[in-house]
Structure formats: structure tokens, C-alpha cells
Amino acid sequence: DTAVSQTPKYLVTQMGNDKSIKCEQNLGHDTMYWYKQDSKKFLKIMFSYNNKELIINETVPNRFSPKSPDKAHLNLHINSLELGDSAVYFCASSPWGPNSPLHFGNGTRLTVT
Amino acid sequence: AQTVTQSQPEMSVQEAETVTLSCTYDTSENNYYLFWYKQPPSRQMILVIRQEAYKQQNATENRFSVNFQKAAKSFSLKISDSQLGDTAMYFCAFMKPTYNQGGKLIFGQGTELSVKP
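The rules behind the values
- Residues numbered from 1 in each chain as written.
- Chains lettered and ligands numbered in written order.
- Predicted model: local features only at pLDDT ≥ 70, side-chain atom pairs only at ≥ 80, totals over all residues.
- Heavy atoms only, no water.
- Helix = DSSP H or I, 4+ residues; strand = E, 2+ residues; numbered from the N terminus.
- Buried < 20%, exposed > 50% of the residue type's maximum accessible area, 1.4 Å probe, protein only.
- Disulfide = S-S within 2.5 Å.
- 1 Å grid on protein atoms, 1.4 Å probe; cavity = no way out; pocket = protein on both sides within 12 Å on 5 of 7 lines; lining within 4 Å.
- Points joined across faces, edges and corners; volume = space filled by probe spheres on them.

### Quick word on the environment of Phe64(B)
All names here are of chain B. Looking at the element boundaries, Phe64 is found in strand E8 (residues 64-69). A relative accessible area of 12% means that Phe64 is categorised as buried. Residues Phe64 and Asn31, 33 residues apart in the sequence, show an inter-C-alpha distance of 23 Å.

### Description of the state of the cysteines
Residues and elements named next belong to chain B. Across all of its chains, the model carries two disulfides over all chains by this definition. In this model Cys23 forms its disulfide with Cys92; the gap between the sulfur atoms is 2.0 Å. The sign of the -70 degrees torsion about the S-S bond sets the Cys23-Cys92 disulfide as left-handed. Taken together, the residues span a long stretch of sequence, with Cys23 in the loop between strand E3 (19-21) and strand E4 (24-26) and Cys92 in strand E10 (residues 88-95) at a distance of 69 residues.

### Section: the layout of surface pockets
If you add up the space inside the largest pocket, you get close to 260 Å³. Considering the residues around the largest pocket, the lining is formed by 17 residues, among which Gln37(A), Lys41(A), Val88(A), Arg109(A) and Arg43(B) are closest to the centre. Residue assignment for the lining of the largest pocket shows that the elements contributing at least two residues are strand E9 (87-94) and strand E11 (108-112) of chain A together with E10 of chain B. If one sorts the elements of the lining of the largest pocket by residue count, E11(A) sits on top with three residues.

Here it is, written out as C-alpha cells:
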């Protein structure tokens, strides 16, 4: 199936740990994103990559490090997890250029205890 | 900076009836794009409809249509013949057409819609 897939679906971990979320798209898109949805369901962009190049970094703490090994993959690594990092993280992709609707993955619910 | 406001945190509608969700935005741009996304309880984000600001004609997708008022910076979503499967959180979103920022979406706070049988 063509889609944006991210793993894991759920992630429960303790404060101070390091964790990664993986994302892959087989839509042939050039651009990939990470969005964060907080407990009030507000969605905000974190990062955007185009062809493995970082183009948006929305003042996210440097504990968050995205990595794009190729244009079909964008992973998110989080160091020293904090309680406030608990959220749903969405990966998305789109063709390059304006007016390109984003295709979202199903989200990863991260719970930090 | 652009902002998007959805002033209705929750709404409900009877099955088969029509409901309108409000969205206003603030921008100094003349060209931009507007979207409505739906997030059902499954958490998936699904594109419902989109509108280019340079087009005067309101976008329509089956039972979903928008009322785009550029001067008023208003972009409401009308759902006709509501179905139980329309129960979801609906997000209004704005995109500025900058080639160096790709598809940066700015979202509103969302409206939780419940369709009642």
C-alpha cells in the first residue's frame, strides 16, 4: 500500500531516556515533516526536510534531532526525554512546492513517565 | 506571523443535517492556500478539502464545501447530509506559498464535531 508509515505506534518510556521514531513514505515525495500534537490536540510543525536537506527547524530544543538518510525516510531521535515531550508525533510527506497537500502517518503517541 | 483561529471548540449535529464549522485567519499575504483536515478517533489526519486564495470559486468535495471570504479572512467548512463517520476533530490550516519552506501548515485549534444518530 502507498502510504506514510511510522513506527512505533505507541512509545512509553521514562524521563532521561533516549528514543527514536521512524518514518517512511513510498509516495515518491521530495519533502517530509515532523509535526507535534500536544495534549490539547494543537498541531505544530517541528521540522521539514527536502531531499535530505533540512529546510524548517521551528525552534525545537536540540534534544530533538531529525535524520533523513534518503528522501523516503525521516527519523526523529529524542535525547534525555522530559515529561513535556509527551505528545503525539506525526510524520508527513508532500511533493515539493506550495499547495501540495500533506499526507500524514498515523502518529506515534509518546508517553514519558 | 500567520495565525488561524477556530472559535468553536465543540459542535454537534444530527445525522443527515447540515453543519458549518468556522475558521478565520490572519495574514498579510495575497497568495496562500487553505485546508481542512479531519482527525477521527483513529488519530489519522485526512485531507478534506483545499482552497487556493487566488480562486474566487469555493471548493467542493462531495458533501463538503467551503465558504471562502478573502476580504474577511474567513474559511468555513459546510458538511451536508452529516453521517456518523463524520464524527472527528476538524482542523483548519493555512499554508504560505514559499518555495524555501515547502509545505509548512499553520493549524487552528480544532473543532470537535459529534454527529448524533
